[in-house]
Amino acid sequence: MNIFFQAIHDLLVESGFMQLFTADGYKALIMFVIAGVLIYLAIAKKFEPLLLLPIAFGMLLTNLPGADLFHPEFFQGVDIDYGQVLHDGGLLDILYLGVKLGIYPPLIFLGIGAMTDFGPLIASPKSFLLGAAAQAGIFFTFIVAAFLPAYSLSEAGAIAIIGGADGPTAIYVAKTLAPQLLGSIAVAAYSYMALVPVIQPPIMKLLTTKKERAVVMEQLRPVSRIEKILFPIIVTVVVALLVPSAAPLIGMLMLGNLMRESGVVDRLVKTAQNELMNIITIFLGITVGATATADVFLTGKTIGIVVLGLIAFCIGTAAGVLFGKLMYVVTKGKVNPLIGSAGVSAVPMAARVSQKVGQEENPSNFLLMHAMGPNVAGVIGSAVAAGVLLSVPLG
Amino acid sequence: MKEGFALNTDWGLIIGITFTGLTVVFLALLVLILCMKVMGIIMSCVQNKKHLKEEGRKPMSKELPLQKQGQDFDVPPEIVAVIAAAIAAEHPNEYPVAIHPVTASNDATTSAWKQAGILQNTQAFMKGVAL
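Residues numbered from 1 in each chain as written. Chains lettered and ligands numbered in written order. Predicted model: local features only at pLDDT ≥ 70, side-chain atom pairs only at ≥ 80, totals over all residues. Heavy atoms only, no water.

Our next topic: the overall build of chain A. A tally of helices and strands in chain A yields 23 helices and zero strands. Radius of gyration (C-alpha) of chain A: 22 Å, near the 21 Å computed for a compact globule of 395 residues. On the principal axes, the C-alpha backbone points of chain A span a range of 90 × 45 × 40 Å. Looking at chain A as a whole, 58% of its 395 residues qualify as buried. Across chain A, the fraction of contacts at a sequence separation of at least 24, relative to all contacts at a separation of at least 6, is 76%. Surface accessibility of chain A: about 15600 Å² in total, with carbon and sulfur atoms responsible for 70%. The distance from the centre of the 22 positive side-chain charges to the centre of the 22 negative ones in chain A is 19 Å. (Helix = DSSP H or I, 4+ residues; strand = E, 2+ residues; numbered from the N terminus. Rg over C-alpha atoms; globule rule 2.2 N^0.38 Å. Buried < 20%, exposed > 50% of the residue type's maximum accessible area, 1.4 Å probe, protein only. Contact = heavy atoms within 4.5 Å. Areas by Shrake-Rupley, 256 points an atom, 1.4 Å probe, with all protein chains shown as cover. Lys, Arg positive; Asp, Glu negative; His and termini not counted. Charge placed at Lys NZ, Arg CZ, Asp CG, Glu CD.)

Shown next as structure tokens:
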């Protein structure tokens with residue numbers, strides 16, 4: 001009988017429930033609440049559910065006391081013992097290798113490329129400028145974050161990339177520059193991307209006049225198949241030669257697009273758009289969520305990341321709209337400045353916001369295809385910005 | 001982590017990175033604009049040449065004059081039939097309806113047909129989630 005009670009006692013002592021009542025147990029409880037809120041936002045409010053749901057559940061799993069599903073200590077330091085990860089690591093440790101080695105974000109980009117129509121951008125190349133202007137949010141936030149004593153230069157660079165409004169790019173930069181902040185940065189980036197329809201319209205309305213918002217743009221010229229096939233090849237060569245560190249992201253994005261536009265590999269395109277994309281999304285979401293352990297997440301740094309991420313988004317949107325206004329003046333009223341806000345990427349949400357705000361002024365105005373140009377240019381622009389941040393010595 | 005508030009910050013490096021970053025982003029995208037412009041010009045030249053070649057092969061015909069933009073043209077009988085059917089369906093057994101000559105509108109910006117076409121083409125982008 002004693003053996004029975006001893007076994008029950010041991011089980012209770014070793015159980016996660018008991019560990020919840022230790023000194024740091026409350027931290028796990030707070031993380032449960034945060035994960036619960038994110039799960040609620042993903043399911044009930046449909047805030048980026050494809051990624052927010054696995055991220056939130058990964059957050060829950062990693063904070064279960066005693067489960068030891070993820071070992072952040074395996075990935076600390078410059079020299080990672082991959083043998084130890086494979087030998088002693090759990091499921092999440094092994095899946096996390098895809099993040100750590102920079103495999104998942106480029107594969108997600110392959111799927112995005114296979115889904116994206118760059119036609120509006122080819123038809124109106126000036127849209128590239130709006131995609132570049134919206135990246136100002138990244139660099140402005142970099143200055144602000146670098147100014148704050150809480151963040152190192154490399155952390156400032158990782159936080160600033162939230163302004164690119166591009167989840168895979170943010171993860172790709174954060175896993176290199178500030179892996180300890182990866183969870184917070186990913187959660188902030190995806191949360192703000194989900195909140196684009198809430199964040200952007202007030203800024204767009206504040207910076208534009210009624211007359212500017214009502215501008216009807218000329219119809220885009222039709223783009224030939226040859227142009228669509230040449231586009232990914234040209235972009236890959238130009239960007240990879242100019243910013244080699246952006247090559248994995250841009251290369252895979254453009255490979256996906258070339259497969260789509262070639263029209264000869266339908267099976268591969270379907271796989272990249274669906275099965276591969278969905279598998280990687282699950283792996284990426286759950287492992288990024290797993291990095292948000294209580295010790296790392298429940299710090300002042302996370303609050304700072306949330307605030308700085310919002311600043312980056314707002315400045316990016318404002319810079320895009322202001323550049324749109326400049327183009328409105330230069331073209332003598334032919335460009336609607338609202339399409340500038342789509343330059344922050346967040347495809348296709350930001351373009352939809354431009355369309356919606358434009359239609360509020362002029363219900364017969366269709367800005368969507370015009371906004372898709374800066375929108376996809378923003379994806380390329382943020383990948384280039386990421387390449388710059390990765391290539392400069394941030395210490 | 002830095003120890004002092006902005007005092008130990010290497011401002012030269014930060015401003016340098018910011019300036020370099022923005023310049024490289026703009027430069028990369030400007031080069032791409034240039035490439036797209038050149039590609040557009042080459043493609044339009046090739047298409048014009050093709051068009052001229054095809055025109056040269058065609059026998060001269062007076063029966064098919066080219067339609068100028070904004071010029072009135074006959075509406076195909078199928079369209080008239082669709083309009084008539086729509087009106088008849090809207091007012092069944094009320095009164096007889098006669099359709100007088102139908103002309104296409106020149107106002108392309110407000111055309112309901114054009115709007116319906118645009119809506120159909122852009123519907124795909126109005127769905128889905130951000131990535």
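Further notes follow.
With that settled, the discussion passes to the packing of aromatic side chains. Residue and element names in this part refer to chain A. Within this structure, the stated rule accounts for 10 aromatic pairs over all chains. Ring geometry for Phe75 versus Tyr96: centroids 4.6 Å apart, planes at 80°, classification edge-to-face. Residue Phe75 is found in the loop between α4 (49–62) and α5 (82–88), and its partner Tyr96 is found in helix α6 (residues 91–100); the two are separated by 21 residues along the sequence. For Tyr96, a relative accessible area of 2% puts it in the buried group. Centre to centre, the rings of Phe128 and Phe231 are 6.5 Å apart; their planes meet at 25°, and the pair counts as stacked. One end of the pair, Phe128, is in helix α9 (residues 127–133); the other, Phe231, is in helix α16 (residues 225–242), with 103 residues separating them in the sequence. Through a chain of ring-to-ring contacts, three or more aromatic side chains come together here, namely Phe70, Phe75 and Tyr96. The ring centre of Tyr172 lies 5.1 Å from the NZ or CZ of Lys175, which sits over that ring. (Phe/Tyr/Trp six-rings, centres within 6.5 Å; stacked < 30°, edge-to-face > 60°. Lys NZ or Arg CZ within 6 Å of the ring centre and 35° of its normal.)

In this section: the interface of chain B and chain A. It is common to give the size of an interface as the accessible area that goes away when the parts come together. Taken residue by residue, the interface counts 42 residues in chain B and 67 residues in chain A. Both sides of the chain B and chain A interface together cover about 4600 Å² of buried area, and 83% of this is carbon and sulfur. Here chain B is connected to chain A by zero salt bridges. Contributing elements (two or more residues each) for the side of chain B that touches chain A: α1 (11–57) and α3 (112–122) of chain B. Examining the composition of the side of chain B that touches chain A, we find that 24 residues originate from one element, α1 of chain B, more than from any other. Residue composition of the side of chain B that touches chain A, grouped by class: 30 nonpolar, nine polar and three charged. (Buried area = accessible area lost by both parts, 1.4 Å probe. Salt bridge = Lys/Arg side-chain N within 4 Å of Asp/Glu carboxyl O. Nonpolar A, V, L, I, M, F, W, Y, C, P; charged D, E, K, R; others polar.)

All names here are of chain A. The linkage connecting Val347 with the following residue, Pro348, adopts the cis geometry, with an omega of -10°. By the element assignment, Pro348 lies in the loop between α21 (300–330) and α22 (349–361). Look at Lys46: it is not a glycine, yet its phi comes out positive at around 55°. Relative to the elements of secondary structure, Lys46 occurs in the loop between α3 (25–43) and α4. Its identity as a non-glycine residue notwithstanding, Ser345 has a phi of 70°, on the positive side. Of note, Ser345 is situated in the loop between α21 and α22.

A cluster of basic residues, Lys126, Lys332 and Lys334 of chain A together with Lys37 of chain B, forms a positive patch at the surface. With respect to the helices and strands, Lys126 of chain A occurs in the loop between α8 (119–123) and α9. In this structure Lys126 of chain A comes out as partly exposed when scored by relative accessible area, which is 35%. (Patch = residues over 30% accessible without salt bridge, like charges linked within 9 Å, V, L, I, M, F, W, Y side chains within 5 Å.)

It is worth spelling out α16 of chain A at this point. In this model, α16 of chain A (18 residues) spans 26 Å end to end at C-alpha, consistent with the 26 Å of a helix rising 1.5 Å per residue. Approximately 25° is the largest bend angle found in α16 of chain A, and it occurs at Phe231 of chain A, with the proline Pro232 of chain A only one to four residues beyond. Those residues of α16 of chain A that sit buried are Glu227, Lys228, Phe231, Pro232, Val235, Val238 and Val239 of chain A. Along its buried surface, α16 of chain A packs onto α8, α9, α17 (247–262) and α23 (368–391) of chain A together with α1 of chain B. (Expected span 1.5 Å × (residues − 1). Bend = angle between axes of the 7 residues up to and from the residue.)

Here the focus is a nonpolar patch on the surface. Residue and element names in this part refer to chain A. A contiguous nonpolar patch, built from Met1, Phe4, Phe5, Ile8, Leu11, Leu12 and Met18 and spanning about 780 Å² of accessible area, is present on the exposed surface. Top contributing element to the nonpolar patch by residue count: helix α1 (residues 2–14), with five residues. Positionally, Phe4 belongs in helix α1.

Inspection of the secondary structure assignment puts Thr293 of chain A in the loop between α19 (275–290) and α20 (294–297). Residues within four places of Thr293 of chain A in sequence aside, it is in contact with Thr62, Asn63 and Pro72 of chain A.

Any functional reading would require information beyond the geometric quantities listed.
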